[in-house]
Amino acid sequence: LFSPENDYYNALPINFVNGNEPPHLLLQGKKDTKVFIHNSVNLGEKLSHYSSDHKVILYENMSHSKIILGLSRPLRNKLNVINDINDFIETHSQN
């Protein structure tokens, strides 16, 4: 998407983790077919390796788009996405 196909691996976010990152919130749907779970889990593990502040949340029965839809007014109170984001921001704005 953001680089030539032959350079895809070098463009992955995991390759830019070096321990100087701001806090990360990784939201992943277990039914996501766009971004596979292992990508979020591996990124979380690399952030842990560098002691970078982060949180990985895996949502049951959610796809890539359903997480985004969780921010919409009609679904905001039915899905936990907005609450999880607010909690993360609240926790990290106190530091």
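None of the values given here were measured: they were computed from a predicted structure. All chains use their own residue numbering, which begins from 1 and follows the written sequence. Two thresholds apply to this predicted model, a pLDDT of at least 70 for residue-level local features and 80 or more for giving and counting side-chain atom pairs, whereas whole-chain, interface and lining totals are computed over all residues. Just so you know, side-chain values use all the structure's heavy atoms and leave hydrogens and water out.

S.K.: How would you explain the pattern of salt bridges if you had to name every residue and give the values?
M.R.: One speaks of a salt bridge when a side-chain nitrogen belonging to Lys or Arg is within 4 Å of a carboxyl oxygen belonging to Asp or Glu. Overall, the coordinates contain 1 salt bridge when judged by the stated rule. Here Lys 30 ties to Glu 60 by a salt bridge, and the two come within 2.6 Å at their closest N and O atoms. With a gap of 30 residues between them, Lys 30 in the loop between strand S1 (24–29) and helix H1 (37–49) and Glu 60 in the loop between strand S2 (54–59) and helix H2 (64–69) connect regions that are remote in the sequence. Only DSSP runs of H or I covering at least 4 residues are called helices, and only runs of E covering at least 2 are called strands; the numbering of each starts at the N terminus.

S.K.: Pulling in residues and values, what's your account of the environment of Ser 48?
M.R.: Relative to the helices and strands, Ser 48 is located in helix H1. Only protein chains enter the accessibility calculation, which uses a 1.4 Å probe; a residue is then buried when its area is under 20% of its type maximum, exposed when over 50%, and partly exposed in between. A residue is classified by how much of its surface remains accessible, and Ser 48, at 43% relative accessible area, is partly exposed. When the C-alpha positions of Ser 48 and Gly 19 are compared, they lie 9.1 Å apart, and in sequence the two are 29 residues distant.

S.K.: Describe in detail H1, supporting the description with residues and values.
M.R.: Side chains of residues three or four places apart in an α-helix project in the same direction, reflecting 3.6 residues per turn. Every helix has an expected span of 1.5 Å times one less than the residues it contains. The end-to-end C-alpha distance of H1 is 18 Å, a good match for the 18 Å that 13 residues give at a rise of 1.5 Å each. Three or more residues of H1 are buried, namely Ser 40, Leu 43, Gly 44 and Leu 47. For H1, the buried positions fall inside an angular range of 100° around the axis, keeping them on one side. Positive backbone phi, at 55°, marks Ser 51, one or two positions downstream of H1. Along the arc lie the directions from the helix axis toward the C-beta atoms.

S.K.: A description of unusual backbone geometry should follow, citing residues and the corresponding values.
M.R.: Residue Ser 51 is not a glycine yet carries a positive backbone phi of 55°. The backbone phi angle of Asn 61 is positive, close to 55°, even though this residue is not glycine. By the secondary structure assignment, Asn 61 is in the loop between S2 and H2.

S.K.: With reference to specific residues and values, describe helix H3 (residues 81–93).
M.R.: Given a rise of 1.5 Å per residue, 13 residues ought to cover 18 Å, and the 18 Å separating the end C-alpha atoms of H3 matches this to within 8%. Whether two residues touch is decided by their heavy atoms; if any such pair falls within 4.5 Å, the residues are in contact. Against the buried residues of H3 lie S1, S2 and H2.

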